[in-house]
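Architecture and fold: a report
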Amino acid sequence: MPLTIQHDDLLPGRNFIGGQWREAQEGRRFDVTDPATDAVFATVPDSGALDAAAALEAAHAAFASWRAVPAKQRAQILRRWNDLVLAHQDDLGRLISREQGKPLAEGRGEVAYASSYVDWFAGEATRANGDVIPAPVPGRRMFALKEPVGVVAAITPWNFPAAMIARKIAPALAAGCTVVCKPAEDTPLTSLALVRLAEMAGVPSGVLNIVTASRQRAAEVVDVWLDDPRVRKISFTGSTPVGKHLARRSADTLKKLSLELGGNAPFIVFDDADLDAAVDGLMVAKFRNGGQTCVCPNRVFVHSAVHDTFVDKLAARVSALKVGPASDEASQVGPMINARAVEKIERHVNDAVERGAQVVVGGQRLASMGSNYFAPTLLVGVDSSMACSMEETFGPVAPVTRFDDAADVIRAANGTPFGLAAYFYTRDVRRVWRLADALECGLVGINEGALAAEAAPFGGVKESGYGREGSVHGLDEYVHLKYLCQGQV
Ligand SMILES: NC(=O)c1ccc[n+]([C@@H]2O[C@H](COP(=O)([O-])OP(=O)(O)OC[C@H]3O[C@@H](n4cnc5c(N)ncnc54)[C@H](O)[C@@H]3O)[C@@H](O)[C@H]2O)c1
Ligand SMILES: O=C[C@H](O)CS(=O)(=O)O
């Protein structure tokens, strides 16, 4: 099925600054490619410092009036945005699949997922309650108010181009903040389409601004925002090295930061687990988006007593996965995002094999399909010395390690600088709580492979970052508390 868009006005192809669709001031553009074919199918502005500064001016100018808009009205605008997102679910799903490569069902599913955050934060806008504090001394009244922090810079990755934008922009607007956004260079079109729908929903001029830039110019754009004291918050999802750079560079102006960074999730199968459920959970968690998800299991630990049975069941499922372009409705695993991604996956598999792992399924590129395809892969005999155990592979590779002792596997699971997600399967209720306490991470799947939900707090610990998106805590990332103390009462 061709991934064509029915509504051309979803493809503005320009930056949105101060309520106007504009070319980059230096007039440059860069290519957007279809990862299924490597064909260029669109171009967008290759912005620089001038565009970043203009977006910031617009956001700063709009802040005073936007924060004064009653919360109920901000919520209504967000709801209109959400209605438009859902009304364009098919087009947006096709756009995501076209520029990101995920199967069409996942593209459509991501639109619904993105929408769930807009809907959620429309509700949260009206519940940004403060506190009335019992005064410890007579003659005083004490209050804590929630105030929007100011201009927010949102910097997003390519793997969930709609959901990551929604998860940042919706709470920022709900709180009364204005936004400058730089989407990932691999997937700018979905972000521009969402901003176009926000414009149609009535988000006022200057409140939401977006500038696109190539990989080479991303830092030039973001540095303008990092260095300017008027940007009060950076909300970033992406790799840990870039997250650390943002934290360092924004230190001089002491901005508030949310950093949703890389993971290295363990997936542990105990000897008393329901093995069919564990295989189901691993398939969902590992192969969603071709393994390019920050919460994907990156290390699979299986108890020796069930190892061979589990591996046999898993091998049958992995070999049955249908790889293909998103334009084929039957595809379950699409192309990887780009050549760099495939090179990393190949390096991890080759390194594992050289160090003694065995390939049970897959293990190589699918070059006949295109340059960005890698076969769904199952490795056994993996150990902690291998690159695939230490670094996030971000691809369709399930590396299995055998274990015998619960204390050892907890140590191994925690033996990484990262701490985003972890999963385990067991029927022992005491073990459930021991593991839930012991695992060093922000999200735990207990006999469950699908974790994310707008109502849940999403975020990591250690070098997976800090801050939480979604849930009743998500809005707090975009407000500060102001304490009022009234005397002579
Ligand atoms: N924790 C989470 O919620 C979460 C969610 C999705 C992705 N991720 C992580 O993101 C990574 C994959 O995404 P990616 O490759 O797009 O990450 P990335 O860090 O390379 O890029 C993310 C964004 O940062 C921008 N960027 C790159 N270099 C920059 C610089 N020097 N200064 C300013 N901005 C810069 C990019 O243009 C892009 O918009 C993985 O590690 C994945 O785990 C984490
Ligand atoms: O890649 C990271 C995500 O945050 C995706 S999800 O929220 O887990 O769907």
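Residues numbered from 1 in each chain as written. Chains lettered and ligands numbered in written order. Predicted model: local features only at pLDDT ≥ 70, side-chain atom pairs only at ≥ 80, totals over all residues. Heavy atoms only, no water.

**Overview of the sheet that holds strand β22 (residues 479-486)**
The strands making up a sheet associate through hydrogen bonds between their backbones, and the pairing can be parallel or antiparallel. How we decide: Strand pairing requires that DSSP identify at least two bridges connecting the strands. Numbering of helices and strands runs from the N terminus, with a helix taken as a DSSP run of H or I at least four residues long and a strand as a DSSP run of E at least two residues long. The axes used here are C-alpha line fits, helices contributing only the stretch in contact, and every angle between their N-to-C directions lies in the interval 0 to 180 degrees.
Strand order in the open sheet formed by 3 strands is β5-β6-β22, with antiparallel pairing between adjacent strands. Two strands lie at the open edges of the sheet, namely β5 (131-133) and β22, each paired on one side alone. Averaged over neighbouring strand pairs, the angle between their axes works out to 25° when direction is ignored. For β5 and strand β6 (residues 141-148), the ladder comprises 3 bridges, and the chain directions are antiparallel. For Asp131, the partnering residue across the bridge sits in β6 and is Ala144.

**A look at the site of ligand 2**
Short version of the rule: Proximity is defined per residue: if any heavy atom of the residue lies within 4 Å of a molecule or strand, that residue is considered near it. By the criterion applied in these results, polar contacts are pairs of N or O atoms within 3.5 Å in which, for protein atoms, one can donate a hydrogen and the other can accept it, and in which residues neighboring in sequence qualify only through two side-chain atoms. Surface exposure here means Shrake-Rupley accessible area, sampled with a 1.4 Å probe, where a residue is shielded only by the protein chains that are shown. Buriedness of a pocket was judged along seven lines, with at least five required to meet protein on both sides within 12 Å; pockets are open sets of points on a 1 Å grid over the protein atoms alone, cavities are sets where a 1.4 Å probe fits but cannot get out, and lining residues have an atom within 4 Å of a point. Molecule-in-pocket calls rest on the fraction of atoms, with more than half required to lie within 2 Å of the cavity or pocket grid points. Residue polarity is assigned by list, with Asp, Glu, Lys and Arg as charged and Ala, Val, Leu, Ile, Met, Phe, Trp, Tyr, Cys and Pro as nonpolar; anything else, Gly included, falls into the polar class.
Tyr113, Asn159, Phe160, Met164, Arg167, Arg288, Thr293, Cys294, Val295, Ala452 and Phe458 make up every residue found near ligand 2. Between Asn159 and ligand 2, the recorded distance is 2.9 Å, taken from a side-chain N or O atom to an oxygen atom. Between Arg167 and ligand 2, the recorded distance is 2.8 Å, taken from a side-chain N or O atom to an oxygen atom. A total of 270 Å² of accessible area belongs to ligand 2 in isolation, and the protein chains cover 99% of it. When atoms are counted within 2 Å of each cavity's grid points, the one that captures over half of ligand 2 is the largest pocket. Grouping the amino acids of the shell around ligand 2 by side-chain chemistry returns 7 nonpolar, 2 polar and 2 charged.

**What to know about the environment of Ala330**
Going by this rule: Exposure classes here rest on a 1.4 Å probe applied to the protein chains alone. A residue is buried below 20% of its type maximum, exposed above 50%, and partly exposed in between.
Along the chain, Ala330 turns up in the loop between α10 (304-320) and α11 (339-354). Ala330 sits in the partly exposed class, given a relative accessible area of 39%. Linking Ala330 and Ala105, residues 225 residues apart in sequence, is a C-alpha distance of 9.3 Å.

**Remarks on the nonpolar core**
Inclusion rule: By nonpolar core we mean a set of buried residues, namely Ala, Val, Leu, Ile, Met, Phe, Trp, Tyr and Cys, connected to one another through side-chain atoms within 4.5 Å. Two residues qualify as a contact provided that any one of their heavy atoms is within 4.5 Å of a heavy atom in the partner residue.
If you look at the biggest cluster of nonpolar residues, it comprises 60 residues, and the most contacted ones within it are Trp81, Leu92, Leu173 and Val179. Of all the elements, helix α5 (residues 163-175) adds the most residues to this core, at 10 residues. Ignoring sequence-local partners within four residues, the contact set of Trp81 consists of Val118, Ile169, Ala170, Leu194, Leu197, Ala198 and Ala201. Counting 39 residues, the second largest nonpolar core, distinct from the first, contains Val279, Val295, Val318 and Val323.

**With respect to the state of the cysteines**
Note the following rule: Criterion for a disulfide: a pair of cysteine sulfur atoms at a distance within 2.5 Å.
Throughout the structure, instances matching the rule amount to 0 disulfides. Sulfur of Cys388: no disulfide; nearest cysteine sulfur belongs to Cys296 and is 14 Å away.

**Focus: the layout of surface pockets**
Condition: Grid points are joined across faces, edges and corners, and a volume is the space filled by probe spheres set on the points.
Within this model, the largest pocket holds a volume of roughly 1,100 Å³. Listed by contribution, the elements that provide at least two residues to the lining of the largest pocket are α5, α7 (215-227), β10 (231-237), α8 (240-249) and α11. Looking at the lining of the largest pocket residue by residue, the classes come out as 24 nonpolar, 12 polar and 12 charged.

**Things to note about the pattern of salt bridges**
Using the following cut-off: Definition used for salt bridges: Asp or Glu carboxyl oxygen within 4 Å of a side-chain nitrogen of Lys or Arg.
Inspection of the entire model under this criterion finds 36 salt bridges. As a salt-bridge pair, Arg29 and Glu23 come within 2.7 Å of each other at their nearest N and O atoms. Judged by relative accessible area, which is 33%, Arg29 ranks as partly exposed. When the shortest N-O distance is used, the salt bridge between Asp274 and Arg427 registers 3.9 Å. Of this pair, Asp274 sits in the loop between β12 (265-269) and α9 (275-287) while Arg427 sits in the loop between β18 (421-425) and α14 (429-438), and the two are 153 residues apart along the sequence.

**Focus on the packing of α7 against α8**
Running from N to C, α7 and α8 point in directions that differ by 35°, and their axes come no closer than 9 Å. Contacts from Val222, Asp223, Leu226 and Asp227 in α7 reach His245, Leu246 and Arg249 in α8. Partitioned by chemical class, the residues of the contact of α7 with α8 number 3 nonpolar, 1 polar and 3 charged.

**With respect to the UniProt feature "domain: Aldehyde dehydrogenase" (unreviewed entry) in the chain**
The test is simple: UniProt positions are given in the numbering used here, feature names are shortened, and annotations may be inferred rather than shown by experiment.
On the UniProt side, "domain: Aldehyde dehydrogenase" (unreviewed entry) is annotated at positions that read residues 21-483 here. Between the C-alpha atoms that bound residues 21-483 there is a distance of 40 Å. The span itself is 41% helix and 21% strand.

**Some thoughts on the site of ligand 1**
By nearness alone, 29 residues border ligand 1, and Thr156, Glu185, Ser239, Leu261 and Glu392 come closest of all. Measuring from an oxygen atom of ligand 1, one finds a side-chain N or O atom of Ser239 at 2.6 Å. One of the backbone nitrogen or oxygen atoms of Glu260 is found 3.4 Å away from a nitrogen atom of ligand 1. According to the grid-proximity analysis, the pocket containing ligand 1 is the largest pocket.

**Some details on the UniProt feature "active site" (unreviewed entry) in the chain**
Under the feature "active site" (unreviewed entry), the UniProt entry names Glu260. Once residues lying within four places of it in the same chain are set aside, the contact partners of Glu260 are Phe236, Thr237, Gly238, Phe458, Gly459, Gly460, Ser464, Gly467, Arg468 and Glu469.

**Regarding unusual backbone geometry**
Positive phi values are uncommon outside glycine, yet Asp38 reaches one of about 65°. Checked against the element boundaries, Asp38 lands in the loop between β3 (29-34) and β4 (39-45). What makes Asp38 partly exposed here is its relative accessible area of 38%. Backbone geometry at Leu254 places phi at a positive 45°, although glycine is not the residue there. One can find Leu254 in the loop between α8 and β11 (256-260). Residue class for Leu254 comes out exposed when judged on its relative accessible area of 68%.

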